[in-house]
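Understanding the architecture of this molecule
The lines below spell out each chain.
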Amino acid sequence: MMATLEVKDLHVAVTDEETKGQKEILTGVNLVMKTGEIHAIMGPNGTGKSTLSQTIMGQPGYQVTQGDILLDGQSILAMPVDERARRGLFLAMQYPAEIQGVTNAEFLRAAINARRPADDQISVMAFLKKLDANLALLDMSESMTERYLNEGFSGGEKKRNEILQLLMIEPTFAILDEIDSGLDIDALKVVAKGVNSMRGANFGSLIITHYQRLLNYIVPDTVHVMMGGKIVKTGGPELAKQLEKEGYAGLRDELGLDIQLVDEQH
Amino acid sequence: MDLTTAKQQLATASATHHEPSALTKRRLAALAAFKTLALPKMPKLKFQTWPFFERQPNLTWTGAAAFDLAPALEEQVRLTQVGQVTLDAHVPAALKDQGVLLMDLFTALQTVPDLVLKFLMTVVKADENKLTAHHLAYLNAGAFLYVPRGVKVTAPVEINVTQDSTQPHQPLIHHLLIVAEANSQVDVIQHLTTQGDAANPASLMVEIVAQANSRVTFSSLDELGAQTVTYFKRRAQIGRDAKVEWAVGMMNAGNTVGEMDSELIGEGGEGDSKLIAITTADQQVGINNRVTHHGQHTTGLINQRGVLLGQSRLVFNGIGEIIHGAHGAKAEQQNRVLMMSPATRGDANPILLIDENDVEAGHAASVGPVNPVQLNYLLSRGIPKPVAQRLVIRGFLAAVLTAIPTQRVREELIAILERKLTDGQA
């Protein structure tokens, strides 16, 4: 069954730690995605890409001041993060937490079972079979599952582990927030292989990235460019290639936007 | 009751119980000390008004309440006590032949009085404080475990003690004496529970004599009832190259003051003291966990983890003391408490008392709420908050849990833990 994730005129503010004042990061984001589609959001640093992903997931610290987020037409703004996850949202983190004393396998089972009714929990056999298949797909050693959750994992191992969770939990919509940062080309290919294996009519993904490189391996259906807290241009995969060539400043000038880029020299 | 009347009462009760006169004498001396001594010291916890003993203490002997007990298997080493009565004491024939003794303390005082009196209240002295004196004066239950020289007991020794609180005015004053002679080895698993809801105090003492090169592990699951005010004192005297490992799950529901001591007497001895405590509702608990280094090249480890629920109060004092002359001693300790609600109050105090130069000593302590980053990560994968909290707590306790030597104790402890956490969250 087709599902829809809709972001409507979304304004989001965060509290500035120093001044305690509100700072608006998102200034009216509009976005509609359906299962079966892969969307990419590109944009310069400091433009609100991570704020958008964190807000969709419901992470603490982001205040929606205007607009809405709808999953299959129903607002999810009032739902806590765990409920959003059980409704089918998934956010692959840039910096996943480490938890000593809880094994990866135990955590994965708890996450899978959280989405299943109490009288239909996944059997040990079914879980292990699925785990083995996904470990193989991601070139991960079996020993990873008995290690404590992310504890002592390298940056690359943590990213792979995020993708392993994605494959095990099978969410409806996955947001991948800069999953490519800090990955070498081999790890990047493995991550892309994992995401591509999820492609299909029951899965949609929003890929947030700073660089076009990842999109060579996970080819999106739609590319959005974000600047100044909103989406300023939407196109096909060719838009990513154009950005790689011309840079964000070029696109800004082409669109006649009055936006200061964080990394720009002045 | 004046002292003379109290002494008469005590002497008569001791005599009707056919105790050796040496014990009666010691009881009477302890009674005199009880009248004058002060309570033990516990930094950061006010417990001076707790009802640790009856207003008019007296020594009485009562029978057991009804109790269901499955018969012991031949290979089991097991002692079961309800209140003051020992229901069974089973030692496999092979161990009996080697001279292993496991019996009711008062039976032991009649059958092997010299052996018991040689060690009883020598590791802990009756005149250390008001509660130790009270303990010996009014001692009314107990067990004796003796492992002769060179004997290795491979099956765990199970000691199950049920406090009988079906009636008021039945304090449980229980003493477990463990003697491990040179080169011997034994694992003890103690389980403490309460039957009934009457408010009765408990005074529980464990003395371990670990002679040269012996190995003793002592695990305890403490699950005394909410109406029980508990004082426990557990001390090991650790000889040359001997090793004692403590693993305590302090799951009592009532107010508790506890003292754990490892006295490293001989050279090269090792004491490893691990303790987990969960406190709930308006419970108050204080633990002094002390390792004292007398001998050279001794090693002492303290690792304590506490989880506070409801409006409870928990104090961990870790005390590492290195006596002058204990060259090459190593003292490490960690005390950490996790406060699950803002209404709880936790303390973790490392105290190092070092009177020697060429030693190693270190400590770590933390007091705080559940790590929000960890909790949020689990939530973001759809794991409901109560389950996520329990996982984070399990992770917090892992360093101590995984080090518990016996798998069965570990599993039982996790089961009790899950139940406490589930109840505490409800």
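The shown structure was predicted, so the numbers you read here are calculated from the model rather than taken from an experiment. (Residues numbered from 1 in each chain as written. Chains lettered and ligands numbered in written order. Predicted model: local features only at pLDDT ≥ 70, side-chain atom pairs only at ≥ 80, totals over all residues.)

1. Observations concerning the pairing of strand 12 (residues 256-264) of chain B
Residues and elements named next belong to chain B.
- With respect to burial, strand 12 is a largely interior element, nine of its nine residues being buried.
- In the sheet, strand 10 (residues 230-238) pairs with strand 12 via nine bridges, with the strands oriented parallel. Residue pairing in the sheet places R234 in a bridge with M260 of strand 12.
- As paired elements, strand 12 and strand 14 (residues 284-293) share nine bridges and run parallel to each other. Bridged to L264 within strand 14 is H293. (Buried ≥ 20, exposed ≤ 12 C-beta atoms within 10 Å, placed from the backbone. Helix = DSSP H or I, 4+ residues; strand = E, 2+ residues; numbered from the N terminus. Pairing = 2+ DSSP bridges.)

2. Description of helix 7 (residues 372-379) of chain B
- Considered for burial, the residues of helix 7 of chain B that qualify are Q374, Y377, L378 and L379 of chain B.
- Summarising the contacts, the buried residues of helix 7 of chain B are in contact with helix 2 (81-86) and strand 7 (99-103) of chain A together with helix 8 (385-401) of chain B. (Contact = placed C-beta atoms within 7 Å.)

3. Topic: the sheet that holds strand 3 (residues 101-104) of chain B
Residue and element names in this part refer to chain B.
- Overall, mixed pairing links the nine strands, which are arranged 3-4-6-8-10-12-14-16-18 in an open sheet. In the strand order of this sheet, the two ends are held by strand 3 and strand 18 (345-354), each with one partner. Pairs of neighbouring strands in the sheet enclose a mean axial angle of 5°, with direction left out of account.
- The pairing of strand 8 (residues 202-210) with strand 10 spans nine bridges and is classified as parallel. By the bridge assignment, V209 is partnered in strand 10 with Q237.
- Of the strands in this sheet, strand 6 (172-180), strand 8 and strand 10 touch helix 6 (residues 130-138), which is tilted by about 90° from strand 8. (Axes fitted to C-alpha atoms, helices over the stretch in contact; angles between N-to-C directions.)

4. Some thoughts on the interface of chain B and chain A
- At the junction of the two partners, chain B supplies 19 residues and chain A supplies 20 residues.
- If you list the elements that add at least two residues to the side of chain B that touches chain A, you get helix 7 and helix 8 of chain B.
- Ranked by residues supplied to the side of chain B that touches chain A, first place goes to helix 8 of chain B with nine residues.
- Its residues assigned to classes, the side of chain B that touches chain A comprises eleven nonpolar, five polar and three charged. (Nonpolar A, V, L, I, M, F, W, Y, C, P; charged D, E, K, R; others polar.)

5. Some thoughts on the UniProt feature "domain: SUF system FeS cluster assembly SufBD N-terminal" (unreviewed entry) in chain B
- Those places that UniProt annotates as "domain: SUF system FeS cluster assembly SufBD N-terminal" (unreviewed entry) correspond, in this numbering, to residues 91-159 of chain B.
- For residues 91-159 of chain B, helix accounts for 41% and strand for 20%, while the C-alpha atoms at its two ends are 12 Å apart. (UniProt positions renumbered as here; feature names shortened; annotations may be inferred.)

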